[in-house]
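Descriptive analysis of the structure
Residues per chain are reported as follows:
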Amino acid sequence: MKTPRVSRTALAATLMLLGAAQAQAQSTLERVEVTGSAIKRIEGETALPVQVITRAEIDKAGVTTAAELVARVAASANNLTDGGSVAYGGFRDQMGFNAANLRGLGVSSTLVLLNGRRMANFASPGDAAGVDLNSIPAAAIQRVEILLDGASSLYGSDAIGGVINFITRKDFSGIDLNVLAGNTTEGGGANKRSATLAGGAGDFGRDGFNLFGVLDVQTTSSLNASRRKFIKALDIPGRLPDLLSSATFPGNIKLDQNLDGSEQRDLLIAEGFKANGRDVISSYTINPAAANGCNPPANLYLPDGIGGVDGCTFDYMRDIELYPKSNKSSAFGRGIFNLGAGHQFFVEAAVARARTYYTGTPNRVDAEMDVSLVPALKNTGLAAFDAGDERRIIVVRTRLAEAGLRTSELVASTSRFVAGTTGLLGGWDYEWALNHSTSKVSDRDHQGYLNEQMVMDGFAAGTLNAFGPSSATGLALYEQAQIRGEVRHATGTMDSLDFKASKAIGQLAGGDLALAFGGELRREKQDYHQSDALKNDLILGETSQGPDSDFGKSRRVGAAFAEISAPVTKQLELDAALRYEHYQVSGGAASPKLGLKYVPMPELLVRASVGRGFRAPSLSDLYRPVTQGSSATLVDPVCLAADPENTVTDCSDIWTTLNYSNARLKPEKSRQYSLGMVFEPQRGVSLNVDYWNIQKTNLISTLGVDVILGNLAKYGGLVHRRPNDKIDTIDLIKENRGKQKISGLDLGIALSNLKTGLGQFGLRLNGTLTLKSQQQTGDGDPFVSNLGVFINDGVVQRWRHNLALDWDDGAFSATLSNSYLSAYDDQHVIGKTDRRVGSYSLWNLSAGWEATKALTLRAGVQNLFDKSPPFSQQAYFFLSGYDPSYTDPRGRFAYVSAKYTFR
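Rules and cut-offs
Residues numbered from 1 in each chain as written. Predicted model: local features only at pLDDT ≥ 70, side-chain atom pairs only at ≥ 80, totals over all residues. Heavy atoms only, no water. Helix = DSSP H or I, 4+ residues; strand = E, 2+ residues; numbered from the N terminus. Rg over C-alpha atoms; globule rule 2.2 N^0.38 Å. Contact = heavy atoms within 4.5 Å. Lys, Arg positive; Asp, Glu negative; His and termini not counted. Charge placed at Lys NZ, Arg CZ, Asp CG, Glu CD. pLDDT = per-residue confidence, 0-100. Buried < 20%, exposed > 50% of the residue type's maximum accessible area, 1.4 Å probe, protein only. Arc of directions from axis to C-beta. Pairing = 2+ DSSP bridges. Axes fitted to C-alpha atoms, helices over the stretch in contact; angles between N-to-C directions. Phe/Tyr/Trp six-rings, centres within 6.5 Å; stacked < 30°, edge-to-face > 60°. Lys NZ or Arg CZ within 6 Å of the ring centre and 35° of its normal. Salt bridge = Lys/Arg side-chain N within 4 Å of Asp/Glu carboxyl O.

1. So, the overall build of the chain
Helix and strand counts for the chain stand at 16 helices and 47 strands. Taking 2.2 N^0.38 as the reference for a compact globule, 903 residues should give roughly 29 Å; the C-alpha atoms of the chain span a radius of gyration of 30 Å, in line with that estimate. Along the first, second and third principal axes, the C-alpha set of the chain runs to 100 × 60 × 45 Å. Expressed as a percentage of contacts within the chain between residues at least 6 apart in sequence, the contacts between residues at least 24 apart total 71%. Taking the 92 positively charged and 94 negatively charged side chains of the chain as two groups, their mean positions are separated by 7 Å.

2. Some thoughts on the confidence of the model for the chain
Any region with low pLDDT has predicted coordinates that should not be read closely. Mean pLDDT over the chain stands at 89; residues scoring 70 or higher make up 93%. Every residue in residues 87-91 is under pLDDT 50, and counting partners more than four places away or in other chains gives 15 contacts.

3. Details of helix 9 (residues 263-270)
Within helix 9 the residues assigned to the buried category are Q264, R265 and L268. Looking straight down helix 9, one finds its buried side chains confined to an arc of 95°; they lie on one side. On its buried face, helix 9 is in contact with strand 12 (285-286) and strand 19 (393-399). In the stretch just after helix 9, G272 is the one whose phi turns positive, near 75°.

4. Some remarks on the sheet that holds strand 35 (residues 719-721)
Two strands in a sheet stick together by hydrogen bonds in their backbones, pointing the same way (parallel) or opposite ways (antiparallel). With respect to topology, 4 strands assemble into an open sheet ordered 30-31-36-35, the strand pairing being mixed. Looking at which strands have only one partner, the edges of the open sheet turn out to be strand 30 (627-635) and strand 35. Strand after strand, the sheet turns through a mean of 30° between neighbouring axes, direction not considered. Inspection of the sheet shows strand 30 paired to strand 31 (residues 652-660) by 7 bridges, in the antiparallel sense.

5. A word on the sheet that holds strand 12
With antiparallel pairing, the 4 strands of this open sheet are ordered in space as 12-11-19-18. In this open sheet, the two edge strands, each paired with only one partner strand, are strand 12 and strand 18 (364-370). Bridge count between strand 11 (residues 252-254) and strand 12: 2 bridges; the pairing is antiparallel. Along strand 12, the bridge assignment pairs K254 with T285. Taken strand by strand, helix 10 (residues 452-461) contacts strand 18 and strand 19, and its axis lies near 40° from that of strand 18.

6. Some details on helix 11 (residues 472-481)
Buried within helix 11 are the following residues: G474, L477, Y478 and A481. Down the axis of helix 11, the buried side of the element spans an arc of 100°, and every buried residue falls inside it. For helix 11, the exposed residues lying more than 90 degrees away from the buried face are A472 and Q480. Where helix 11 is buried, its residues meet strand 22 (450-451) and helix 10.

7. Thoughts on the packing of aromatic side chains
Aromatic ring pairs are described here by two measures, namely the spacing of the ring centres and the angle between the planes. Across all of its chains, the model carries 16 aromatic pairs by this definition. Between F97 and F122 the ring centres are 4.5 Å apart and the planes differ by 5°, which places this aromatic pair in the stacked class. Taken as a pair, F97 in the loop between helix 5 (82-88) and strand 4 (110-114) and F122 in the loop between strand 4 and strand 5 (141-147) lie far apart in primary sequence, 25 residues in all. Considered together, F97 and F122 belong to a single accessibility category, that of buried residues. Both rings, one in F499 and one in F517, keep their centres 6.4 Å apart while their planes meet at 70°; by these two values the pair is edge-to-face. On the criterion of sequence distance, the pair formed by F499 in strand 23 (residues 485-508) and F517 in strand 24 (residues 511-530) is long-range, its members being 18 residues apart. Its relative accessible area of 39% is what places F499 among the partly exposed residues. The ring of F871 carries the charged tip of R239 above its face, separated from the ring centre by 3.5 Å. Over the face of the ring belonging to Y284 we find K726, whose NZ or CZ atom lies 4.7 Å from the ring centre.

8. Examining the pattern of salt bridges
Tallying each qualifying case throughout the model produces 46 salt bridges. For R890, the salt bridge is made with D888, and the minimal N-O distance between the two is 2.9 Å. Ionic contacts of the salt-bridge type, sharing partners, join the residues D127, R615, D621, E668, K696 and K734 into one network.

See below:
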């Protein structure tokens, strides 16, 4: 029986380290290793679905980073992005972390590999444990293979959602020079410049060695909301006034903020005090500037806003950073040397650094001052209280515009060094390697972060003015109070020794009965350090973890696996794999996998798999110190119920959270299965459909603040209140709770070599239709669906696809592509009408010209029709009006690039 055509065109096989060189010496038929299997095969499909993105496709898309590339994978959802980092507004950890999230199962359940081996996870402690995509040397990538099936049986406990394997060039000689420049057509920022130099020397087959290296540098400029028309068109002050800020300048007065009752407010009401110039006050937030419009355009009088009818509201969305400035650089080198007798030595080195600059709004403070320092109140009855009476103390929530914008720098540096040998020994294909990988993250404050006590003392003494310009003495105090320098530092280290071997151990009717086995010993370590100023909680605008916040933890991991491939007949192949993995403290588990490949006819391949897996808790999950943070702006239902006249605005605020790790966490367990087919009715036409189903138990999760406030009957114990029932803090505790179920269909269409009188055409479609995505908040609880619904921190869209139409005609080529995400139900906010978020469809166009054999020119436009992000009322991200986790605020982006090759 001839080799099915589907096996030659539907999937490009992965060349693992030195596979090509070894096969060249051993066989005229190249045996390669496919992501998802440790057994080398003659080119062909396996029982597991793998999506391949080639270098040519990457170039046509005009993407220059691994994060941009992963964002175009239809099977990924709710990735961590630079846009999302900006959106956190400093309220959440792991800023600067770009990470992949296959199936929406979480960053911690997606394994990212470089040439089939691990890298150290992003060092900063937080909810997500995974590889920072900024550490991937994107310019060195030859192709990317995405295993869309859990593969814990071969790769480890963090591969439940799938595996993304970035594969670099191999056996390259010559010099390549690439440059790219791109600008947004609306202007104002988010421009990009990149340059790549790659070089290689030596032909392994002829010279016995090959050396390859690539250096890549790129910069992007920041983008401010004031430079984008769509921000104004969203009408955030009109549609989401409660999601803006009550920290204004002039400052809002928070009556009775430090009192258990309502004495200050009641006294002013009795005196007929009017803040807005029309009505006697009724709320606890008042601002005399409300009578004159609140000092627009940044500070607005919005009766429905979070400042209320008697106060002012700060519209931070009119002048906030949407896209950060960054400088990213990476270098990758690889060498292979023939040791003779069928053995080779290889070495890899990769280093990367990403500097991302975050600029936020001016700092804010709740300052306490005597009533005599508040011009609007110094002649009221509050001033009649005796000196020292707590009722004389007025809390003013103000924006410190005179101290400058909050500006910080996040520097993430990674390094990875691998060395080993591969070859043929006693008939076994073998490979072993040592891997040392590190991640270092430094968080540095530059401007706008202040010594909190100095600021509080300045307001208490009247040196700083919350209601108008400060004196020269006050401005000098702001400068003196600036705290600059590193405030956090984290280091993550991974050292491992891995080995594997494979061999044909028998002959079956369909071919070789092949066996593979291997193992890994790994040590993971995480260190975290806060500056003395942060430990002592001196920095206004930063959250401290206290004087005992520094921690250093490590653990050992051991694993062994075996795999067998049995081609029972020419049409039927069975595969089985088993991995046992043990984590120090968390324990171990066996992860089996069974696979089937059936070829009933040359045009059709049927495949299926079933397996189990587990995910151990991360070091952050287990040991991270208690962390103070802030929620998004959310509604307190107790406040709403306390008074029929209370509105969503009256009861909304940014609540203080306390985040707890849990050293008693157990591993998550998973089971998954898939069933699919690949159909190729004729050469150049291919269709694949795969059904997948994944279930996780013992989920390691933290309840969202919106979930807690939405079910106080069950979770009210996590909300701590003051005697007047105002929220003080909310506990967010890592626990094993409940199950998660997700299933769907992956669809792919590939048409190639369609020759016409106008040139040659091709079509590529990869889409994911999610059929179910639901999760319990606790054991025995009903399942809650986030399929097409924004829940907690994001949404899993029901349908996502990437479509590309290619055209070639001699030296000219062009690609028109589309990425699409379906509409979904917006986040439910207590007191607001439920609504839908529109679909998001972006068209991209690029064209190339091979001017000479050495020179290729390309130009392109991303977001061809200048599509704006759809409106959303989500309250998870600090940025309001849209969801920054999957949308692009840049608008239309045009670029040109040139590649020159020396051979």
